[in-house]
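If you want the building blocks of each chain, they are given just below.
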Amino acid sequence: MDKRRNNDCPSCGNELHNGLCNKCGYIRIVFPEVVPEPIRQMESTRISVIKKLLDDNKESNELISSLNQDIESCREQNKQLKREKDIVLKEKKTLELQVASLEKANEDIRCNSLSNERKLQLDISSLQSLLNQKENEVQLLSSELKNVKAELSDISTVSRNPLKGIVLLEDIRNDIRYMLPVYEGVNSYGSNPDKDMHHQIKFQVRGFIFKPVHFIIRTSTKGLILESFSGVDIFQNGRLIQSGVYARQSDNFILDDRIRLNISQI
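Sequence order sets the numbering: in each chain, residues are counted from 1 along the sequence as written. Local features in this predicted model are restricted to residues of pLDDT 70 or higher, and side-chain atom pairs are both shown and tallied only at a pLDDT of 80 or more, whereas totals for entire chains, interfaces and linings draw on every residue. Note: side-chain values were computed over all heavy atoms of the structure, leaving out hydrogens and water.

1. Focus on the overall build of the protein chain
The numbering of helices and of strands both runs from the N terminus, where a helix is a DSSP run of H or I of at least 4 residues and a strand a run of E of at least 2. Helix and strand content of the protein chain: 3 helices and 11 strands. Secondary structure elements in the protein chain, listed N-terminal to C-terminal, are α-α-α-β-β-β-β-β-β-β-β-β-β-β. Burial classes follow relative accessibility: with a 1.4 Å probe on protein chains only, a residue under 20% of its type's maximum area counts as buried, one over 50% as exposed, and anything between as partly exposed. Evaluated residue by residue, the protein chain yields a buried proportion of 32% over its 266 residues. The contacts of the protein chain with a sequence gap of at least 6 include a subset with a gap of at least 24, amounting to 45%. Residue-level accessible areas treat just the shown protein chains as cover; the underlying method is Shrake-Rupley with a 1.4 Å probe. For the protein chain, the accessible surface area stands at approximately 17200 Å², while carbon and sulfur atoms represent 49% of it. Every residue pair with non-hydrogen atoms within 4.5 Å of one another is taken to be in contact.

2. Here we look at the sheet that holds strand β7 (residues 234-236)
Ordered in space as β2-β1-β11-β10-β7-β8, the 6 strands form an open sheet in which the pairing is antiparallel. Edge positions in the sheet fall to β2 (176-183) and β8 (239-240), since each of these pairs with one other strand and no more. Pairing between strand β1 (residues 163-171) and β2: 8 bridges, direction antiparallel. Residue pairing across strands places glutamate 170 opposite arginine 177, the latter belonging to β2. The strands touched by helix α2 (residues 37-109) are β1 and β2; relative to β1, the strand with the most contacts, the crossing angle is about 140°. Paired strands, in this sense, are two strands between which DSSP finds at least two bridges. Where helices are involved, their axes are fitted lines through C-alpha atoms of the stretch in contact, as for all axes, and angles between N-to-C directions lie from 0 to 180°.

3. Concerning the sheet that holds strand β9 (residues 245-246)
Ordered by their spatial adjacency, 5 strands build an open sheet running β4-β3-β5-β6-β9, and the pairing between neighbours is mixed. In the strand order of this sheet, the two ends are held by β4 (198-200) and β9, each with one partner. One ladder, built from 4 bridges, connects strand β3 (residues 186-190) with strand β5 (residues 215-220); its direction is antiparallel. Residue serine 188 lies in a different strand from β5, and its bridge partner there is isoleucine 216.

4. Focus on the side chain of glutamate 170
Examined against the element boundaries, glutamate 170 turns out to sit in strand β1. In this structure glutamate 170 comes out as buried when scored by relative accessible area, which is 14%. In this view, glutamate 170 contacts Asp175, Ile176, Arg177, Phe203, Arg258, Ile259 and Arg260; residues no more than four positions away in its chain are not counted.

5. So, the packing of aromatic side chains
Here is the rule: rings of Phe, Tyr and Trp (six-membered ring for Trp) pair when centre to centre is within 6.5 Å. Planes less than 30 degrees apart are stacked, more than 60 are edge-to-face, and the remainder are tilted. With the rule as written, the count across this model stands at 3 aromatic pairs. Between the aromatic rings of tyrosine 189 and phenylalanine 215, the centroid separation amounts to 4.9 Å while the plane-to-plane angle is 15°, which identifies the pairing as stacked. Remark: phenylalanine 215 occurs in strand β5 and tyrosine 189 occurs in strand β3; sequence separation between them is 26 residues. Exposure class is identical for tyrosine 189 and phenylalanine 215. Each is buried.

6. So, the pattern of salt bridges
Salt bridges are identified by distance alone: a Lys or Arg side-chain nitrogen within 4 Å of an Asp or Glu carboxyl oxygen. In the structure shown here, the tally under the stated rule is 8 salt bridges. Glutamate 170 is the partner of arginine 260 in a salt bridge, and the nearest nitrogen-oxygen pair spans 3.1 Å. Taken as a pair, arginine 260 in strand β11 (residues 259-265) and glutamate 170 in strand β1 lie far apart in primary sequence, 90 residues in all. With its nearest N and O atoms 2.6 Å apart, the salt bridge here joins glutamate 227 to arginine 218.

7. Quick notes on the side chain of glutamate 43
With respect to the helices and strands, glutamate 43 occurs in helix α2. Think of a polar contact as two N or O atoms within 3.5 Å of one another; within protein, one of them needs to be a possible hydrogen donor and the other a possible acceptor, and neighboring residues in sequence only count if both atoms come from side chains. A distance of 2.8 Å separates the side chain of glutamate 43 from the side chain of arginine 46, its partner in a polar contact. Here glutamate 43 is in contact with Tyr26 and Phe31, once residues within four sequence places are set aside.

8. Remarks on the environment of glutamate 84
Inspection of the secondary structure puts glutamate 84 in helix α2. When the C-alpha positions of glutamate 84 and valine 138 are compared, they lie 9.0 Å apart, and in sequence the two are 54 residues distant.

9. What about the nonpolar core?
Formed by 24 residues in total, the largest nonpolar core has its most connected members in Val167, Leu169, Phe215, Ile217, Leu226, Ile259 and Leu261. The set of elements that each furnish at least two residues to this core consists of β1, β2, β5, β6 (223-228), β10 (253-255) and β11. It is β11 that provides the largest number of residues to this core, a total of 3 residues. Discounting residues that sit within four places of it in the chain, leucine 226 has contacts with Phe215, Ile216, Ile217, Ile234, Ile241, Ser243, Gly244, Val245, Phe253, Leu261 and Ile263. Side-chain atoms within 4.5 Å link the members of a nonpolar core, which is a set of buried Ala, Val, Leu, Ile, Met, Phe, Trp, Tyr and Cys residues. In terms of nonpolar packing, the next biggest core, distinct from the first, is built from 7 residues, Leu16, Cys24, Ile47 and Ile50 among them.

By themselves, these are just geometric observations and shouldn't be taken as functional.
Below you can see the structure in the form of structure tokens.
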């Protein structure tokens with residue numbers, strides 16, 4: 001057998017170094033010669049989960065690239081609207097000066113010529129109408145500019161935090177699993193709807209209810225840190241955790257003897 005190929009990561013194909021893939025975070029676990037079927041299935045599930053996360057991360061990067069293009073387009077549109085608004089404001093100022101000048105001329109010749117006065121009044125009326133039109137254009141451009149700024153703000157708030165790991169929740173009694181991402185920063189998990197860095201757990205477990213915020217995972221340069229939320233008991237390898245602990249893939253985290261957490265760093 002090809003030695004190099006035997007040392008390839010089964011999740012992404014990258015070469016393993018001391019059993020660790022530097023690309024996707026896969027860790028090779030050395031099993032005995034005879035491997036029980038549940039452990040074989042767990043290893044297969046772990047590889048499938050990492051492959052799916054790599055695909056999702058690729059889609060996220062493509063989405064971010066598309067959003068960046070939308071942001072740049074909105075910025076250019078914003079600049080163009082500002083230029084158009086400045087032009088209209090200058091035209092409005094020029095018209096205001098013309099109206100003032102005509103009004104002054106009208107006052108000077110009011111006593112000399114009724115016809116000229118009427119003509120000037122018509123000119124003033126026409127200019128006033130044009131001025132009103134320009135004011136409407138200014139208001140319209142201001143409204144469009146406001147909408148573009150709002151759209152630019154909405155696009156800019158899209159999360160760009162990179163994927164740092166995965167959380168695998170397992171119903172111990174029914175052998176059912178559910179997966180959620182871990183992004184860079186402070187992630188919370190519970191029954192509350194998705195918002196910012198909170199991830200809704202839509203995992204239904206009979207006889208078990210997730211709290212609005214059940215646990216928190218923070219990223220750091222040294223690894224992923226798991227914390228239980230107020231009123232929640234989490235056991236690490238049989239011991240109740242009292243504060244934040246670094247989560248290793250080999251750790252066994254249990255919620256109320258019903259849910260098992262497996263946390264993997266990518």
